[in-house]
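Structure at a glance
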Amino acid sequence: MAAPQNNQVAAAGPIDNADVEDWKIRVNDVLARPSEVLNQTSPQDAGPWHAGLFSCFEPIDLCLITWCLPCVTFGKTHHRIRKDANLAGYEPINTSCLLFCGASCVGIPCVATAMQRADIRDKFHLEGNCLSDLAISCCCGCCTLVQQDKEVAYRQLNAAPKDQYQPQAGMAYPEQK
């Protein structure tokens, strides 16, 4: 009797080789020019963060997930900013999540968080600099992760492109005299 055929394809797993290469390039870039990176500041026209650093208790589910499993929030934010704003194809355990776990094991999760924070600042032209990113990430890790996730979600999901159709204002009755 022949063994039953298994037509299912094995899952690729949580490691994405493109993400691994991206992280290697980013880390090597930081290591190749540390003084430039440390002295990096936001541009003159940089705007404020929409999400406050200490508004991390709302929504409570994001706060609790981040408190218990910060790597999941870190990986979700990475997926949102680098792959798909609507989280299509997102898996809670992904390359960035595992990177954050590895960084935590050697005591430097704040470095990964600060690098992601710098990415967000660069992409959305937000205020800040490398040293403040490191300080905030070291002192307020959970608050930083929540702020980053909320900021990216807000900027990518709520900001309609300028060339997209914008509905006209509703009709109004003329004022009567």
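Described below are features of the structure shown in this document. From a predicted model like this one, the values you see are computed outputs, not experimental measurements.

This paragraph deals with the overall build of the chain. Counting secondary structure elements, the chain contains eight helices and zero strands. From first element to last, N terminus to C terminus, the chain shows the α and β order α-α-α-α-α-α-α-α. Going through the 177 residues of the chain one by one, you find that 35% of them count as buried. Contacts spanning at least 24 positions in sequence make up 76% of the contacts within the chain whose residues lie at least 6 apart. As displayed, the chain has an accessible area near 11,700 Å², and 60% of this comes from carbon and sulfur atoms.

Between Glu-58 and the following residue, Pro-59, the backbone shows a cis peptide bond with an omega angle of 0°. Position of Pro-59 relative to the elements: it lies in the loop between helix H2 (34-38) and helix H3 (60-68). Despite not being glycine, Leu-87 shows a phi value in the positive range, around 65°.

Among the nonpolar cores identified, the biggest contains 10 residues, and these are Trp-23, Cys-71, Val-72, Phe-74, Tyr-90, Cys-97, Phe-100, Ala-112, Met-115 and Leu-145. Of all elements in the fold, only helix H4 (70-82), helix H5 (95-105) and helix H6 (109-124) reach the threshold of two or more residues within this core. Per-element accounting of this core gives the leading share, three residues, to H4. Once you skip the residues sitting within four places of it in the chain, Ala-112 turns out to touch Trp-23, Phe-74 and Leu-99.

Where H3 meets H4, the axes come as close as 5 Å, and the angle between the chain directions of the two elements is 115°. Between H3 and H4, the contacting residues are Leu-62, Ile-65, Thr-66, Trp-67 and Cys-68 on the first element and Pro-70, Val-72, Thr-73 and Lys-76 on the second. A per-class count over the contact of H3 with H4 returns six nonpolar, two polar and one charged.

Applying the stated criterion across every chain yields a total of two aromatic pairs. A centroid spacing of 5.9 Å and a plane angle of 25° characterise the contact between Trp-23 and Phe-74, whose relative ring orientation is stacked. Of this pair, Trp-23 sits in helix H1 (residues 17-32) while Phe-74 sits in helix H4, placing them 51 residues apart in sequence. Given a relative accessible area of 5%, Trp-23 falls into the buried group.

Cut-offs applied
Residues numbered from 1 in each chain as written. Predicted model: local features only at pLDDT ≥ 70, side-chain atom pairs only at ≥ 80, totals over all residues. Heavy atoms only, no water. Helix = DSSP H or I, 4+ residues; strand = E, 2+ residues; numbered from the N terminus. Buried < 20%, exposed > 50% of the residue type's maximum accessible area, 1.4 Å probe, protein only. Contact = heavy atoms within 4.5 Å. Areas by Shrake-Rupley, 256 points an atom, 1.4 Å probe, with all protein chains shown as cover. Core = buried A, V, L, I, M, F, W, Y, C linked by side-chain atoms within 4.5 Å. Axes fitted to C-alpha atoms, helices over the stretch in contact; angles between N-to-C directions. Nonpolar A, V, L, I, M, F, W, Y, C, P; charged D, E, K, R; others polar. Phe/Tyr/Trp six-rings, centres within 6.5 Å; stacked < 30°, edge-to-face > 60°.

All quantities given are derived from atomic positions and should not be read as evidence of function.
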